[in-house]
Amino acid sequence: MRYIITTKGDLQILEVIGYNIFFGWDMSDDYAPFRNALTDKGIDAFVDLLIQDSNTAFLNFTNGY
């Protein structure tokens, strides 16, 4: 397994194991494009982008949503 997802209250946190990369999101409208992209592309595609460049992964992943 390359990642762990934990829930703290309304926040979900993705930790990429071995890379010290964390990403958190909630169910607010701000993250609706991200959740839509997760449904279509899958979590592994997002993890790949985080490993490549964590600074631009969110924007690249949600591009077009």
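Please read all numbers here as calculations on a predicted model, not as lab measurements.

(A) How the structure looks around the nonpolar core. Grouped together as the largest cluster of nonpolar side chains are 15 residues, with contacts concentrated most on L14, F34, F46 and L50. Looking at this core, the elements with two or more residues in it are strand 2 (11–16), strand 3 (21–25), helix 1 (32–41), helix 2 (43–52) and helix 3 (57–62). Ignoring any residue separated from it by four or fewer positions in sequence, one finds F34 in contact with F23, W25, F46, F58, F61 and T62.

(B) Main features of a nonpolar patch on the surface. Together, M1, I4 and I17 give the surface a local cluster of nonpolar side chains, amounting to about 330 Å² of exposed area. Within the secondary structure layout, M1 lies in the segment before strand 1 (3–8).

(C) Local environment of the environment of I4. You can see I4 is positioned in strand 1. Classification of I4 by relative accessible area gives partly exposed; the value is 35%. In sequence terms I4 and F22 are 18 residues apart; their C-alpha atoms lie 9.6 Å from each other. Once residues within four sequence positions are removed from consideration, I4 is found in contact with I13, L14, E15 and I17.

(D) Representation of the sheet that holds strand 3. Spatially, 1-2-3 is the arrangement adopted by the three strands of the open sheet, whose pairing is antiparallel. At either margin of the open sheet sits one strand with a lone partner, and together these are strand 1 and strand 3. Across the sheet, the axes of successive neighbouring strands diverge by a mean angle of 20°, strand direction being ignored. Bridge analysis of strand 2 against strand 3 gives five bridges, and the strand direction is antiparallel. Each bridged residue has a counterpart across the sheet, and for L14 the counterpart in strand 3 is F23.

(E) Broad picture of the pairing of strand 2. With six bridges joining them, strand 1 and strand 2 adopt antiparallel strand pairing. Each residue of the ladder has a partner; that of Y3, found in strand 2, is V16.

(F) Highlighting the environment of A45. Tracing the backbone through its elements, the reader meets A45 in helix 2. Spatially, the C-alpha atoms of A45 and A57 are 9.8 Å apart, while their sequence positions differ by 12 residues.

(G) Focus on helix 1. For helix 1, the full list of buried residues reads F34, R35, A37 and L38. Taken around the axis of helix 1, the buried residues stretch over an arc of 160°, which confines them to a single face. For helix 1, the exposed residues set more than 90 degrees away from the buried face come down to T39 and D40. For helix 1, the secondary structure elements touched by its buried residues are strand 3, helix 2 and helix 3.

Analysis parameters
- Residues numbered from 1 in each chain as written.
- Predicted model: local features only at pLDDT ≥ 70, side-chain atom pairs only at ≥ 80, totals over all residues.
- Heavy atoms only, no water.
- Core = buried A, V, L, I, M, F, W, Y, C linked by side-chain atoms within 4.5 Å.
- Buried < 20%, exposed > 50% of the residue type's maximum accessible area, 1.4 Å probe, protein only.
- Helix = DSSP H or I, 4+ residues; strand = E, 2+ residues; numbered from the N terminus.
- Contact = heavy atoms within 4.5 Å.
- Patch = residues over 30% accessible without salt bridge, like charges linked within 9 Å, V, L, I, M, F, W, Y side chains within 5 Å.
- Areas by Shrake-Rupley, 256 points an atom, 1.4 Å probe, with all protein chains shown as cover.
- Salt bridge = Lys/Arg side-chain N within 4 Å of Asp/Glu carboxyl O.
- Pairing = 2+ DSSP bridges.
- Axes fitted to C-alpha atoms, helices over the stretch in contact; angles between N-to-C directions.
- Arc of directions from axis to C-beta.

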